[in-house]
Amino acid sequence: MRSAACLIQRLDHRQPATAEQIRGLLQSAHAQESKLIGAEPGPVPSLPQIQLSLDVHLGALEGGALVGVVVIGPSDDPGQLELKSLAVAEGCQRRGIASALLGQVFAAGGVSFGVTVAQANAGALALYRGMGFAAHRCGALGAQGIPVLRLRRP
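What this report covers is the structure whose coordinates are included nearby. Bear in mind that the values here come from a model prediction, so they are computed numbers and not experimental data.

### A short note on the pattern of salt bridges
For the structure on display, the rule yields 6 salt bridges. Here Glu-62 ties to Arg-95 by a salt bridge, and the two come within 2.2 Å at their closest N and O atoms. With Glu-62 in strand E3 (residues 56-62) and Arg-95 in the loop between strand E5 (80-88) and helix H3 (97-106), this pair connects stretches of sequence that are 33 residues apart. By relative accessible area, which is 23% here, Glu-62 ends up partly exposed. Between Asp-77 and Arg-150 there is a salt bridge, and its shortest N-O distance comes to 3.2 Å. A residue pair is termed long-range when its members are at least 10 positions apart, and Asp-77 in the loop between strand E4 (65-74) and E5 and Arg-150 in strand E8 (residues 146-153) qualify at 73 residues.

This is the structure:
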């Protein structure tokens, strides 16, 4: 699928080069979010964890370069899937790439999705709410007690 001037496709995250690109995007996104919310960055999966993962990885490619990724897998909440990660290269943000990735995820329909977002991440909350997510519950995450919202999209 082409959207936001990108090609959206399933990634073969088992390939070492692809796993490295995914990890690089996730590291950058975690660092950016940690500055935004004033907390230490969360853990980023190792290359072997990415390669051995049973999760689905969709990527946004622009000129052959990976500029965005969304990771979808099973949820602890029954009857829904989890948006485990969503990252867009910092220089490519605010161009509709995250929306295009999520649109591709939701295109099949018939599945409920959940995502956990730091309450201080206003941009992420606006993106998810704009894509039909609604607050389900709130809590705190990790040793730092980061306030988070659990959102659900029916």
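There's plenty left to go through after this.
### Points about the packing of aromatic side chains
Summed over the entire model, instances satisfying the criterion amount to 3 aromatic pairs. When the centroid spacing of 5.9 Å and the interplanar angle of 55 degrees are considered together, the rings of Phe-106 and Phe-133 count as tilted. Of the two residues, Phe-106 is situated in helix H3 and Phe-133 in the loop between helix H4 (122-130) and strand E7 (134-141); the sequence distance between them amounts to 27 residues. You can call Phe-106 buried: its relative accessible area is 9%. Judged by relative accessible area, which is 5%, Phe-133 ranks as buried. For the ring pair Tyr-128 and Phe-133, a centre distance of 5.3 Å and an interplane angle of 75 degrees mean the geometry is edge-to-face. With respect to class, Tyr-128 is no different from Phe-133; both count as buried. Taking the ring centre of Phe-106 as reference, the NZ or CZ of Arg-153 above it sits at 3.9 Å.

Parameters at a glance
- Residues numbered from 1 in each chain as written.
- Predicted model: local features only at pLDDT ≥ 70, side-chain atom pairs only at ≥ 80, totals over all residues.
- Heavy atoms only, no water.
- Salt bridge = Lys/Arg side-chain N within 4 Å of Asp/Glu carboxyl O.
- Helix = DSSP H or I, 4+ residues; strand = E, 2+ residues; numbered from the N terminus.
- Buried < 20%, exposed > 50% of the residue type's maximum accessible area, 1.4 Å probe, protein only.
- Phe/Tyr/Trp six-rings, centres within 6.5 Å; stacked < 30°, edge-to-face > 60°.
- Lys NZ or Arg CZ within 6 Å of the ring centre and 35° of its normal.

The analysis is restricted to geometry; functional conclusions fall outside its scope.
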